[in-house]
Amino acid sequence: MRVLEQSLKPTYNSPVPLSWNEIRTRASAFVLEWKDKAPTAREEADAQTFENGFFHIFGVSRSKVAIFEQKVKMQDGADGI
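For clarity, every value in this text was computed on a predicted model and none was experimentally measured.

Draft legend 1. Spatial organisation of the overall build of the protein chain. On a plain count of helices and strands, the protein chain comes out with 4 helices and 2 strands. Scanning the protein chain from its N terminus toward the C terminus, one meets helices and strands in the order α-α-α-α-β-β. In the protein chain, the share of contacts with a sequence separation of at least 24, taken over all contacts with a separation of at least 6, comes to 31%. Approximately 6,800 Å² of the protein chain is accessible, and the part contributed by carbon and sulfur atoms is 54%.

Structural data, given as structure tokens:
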């Protein structure tokens with residue numbers, strides 16, 4: 001188990017890495033927050049809030065690891081997301 005835990009530790013540059021207990025505590029809080037929100041969540045309105053909360057579990061800023069709705073050029077030349 002120890003080898004598995006070491007391989008799953010967050011690999012971001014943080015002055016003080018989060019303990020597994022802190023990650024579990026944050027994950028539990030995230031689940032409690034979203035279990036009631038999920039049935040009424042609106043994808044466009046709540047997606048960034050969900051992702052920010054999810055990455056917070058691990059002490060990571062979403063903007064450092066994920067791109068949200070990056071614009072792309074479609075094959076027909078139109079802009080898309």
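Draft legend 2. Inspection of the side chain of D46 at higher detail. With respect to the helices, strands and loops of the structure, D46 is situated in helix α3 (residues 43–57). Here D46 sits buried without a salt bridge, and the closest side chain of opposite charge, R42, lies 4.7 Å off (N-O distance). Sequence-distant contacts of D46, defined by excluding residues within four places in its chain, comprise W34 and A41.

Draft legend 3. Local environment of the environment of S61. Residue position: S61 is located in the loop between α3 and α4 (62–65). Under the relative-accessibility criterion, S61 is labelled partly exposed at 34%. Measuring from C-alpha to C-alpha, the distance between S61 and E51 comes to 9.5 Å, with 10 residues separating the pair along the chain.

Draft legend 4. Focus on the pattern of salt bridges. Here the structure, examined in full by the defined rule, presents 2 salt bridges. Note that E22 and R26 form a salt bridge whose closest N and O atoms lie 2.9 Å from each other. Here the residue E22 and the residue R26 both occupy positions in helix α2 (residues 20–37), the gap between them amounting to 4 residues, near one helical turn. Between K37 and E33 there is a salt bridge, and its shortest N-O distance comes to 3.1 Å. You can see K37 and its partner E33 sitting in helix α2, 4 residues apart, about one turn around the helix. Take E33: its relative accessible area is 41%, and that puts it in the partly exposed class.

Definitions and limits used
Residues numbered from 1 in each chain as written. Predicted model: local features only at pLDDT ≥ 70, side-chain atom pairs only at ≥ 80, totals over all residues. Heavy atoms only, no water. Helix = DSSP H or I, 4+ residues; strand = E, 2+ residues; numbered from the N terminus. Contact = heavy atoms within 4.5 Å. Areas by Shrake-Rupley, 256 points an atom, 1.4 Å probe, with all protein chains shown as cover. Buried < 20%, exposed > 50% of the residue type's maximum accessible area, 1.4 Å probe, protein only. Lys, Arg positive; Asp, Glu negative; His and termini not counted. Salt bridge = Lys/Arg side-chain N within 4 Å of Asp/Glu carboxyl O.

Read these as spatial facts, not as claims about activity.
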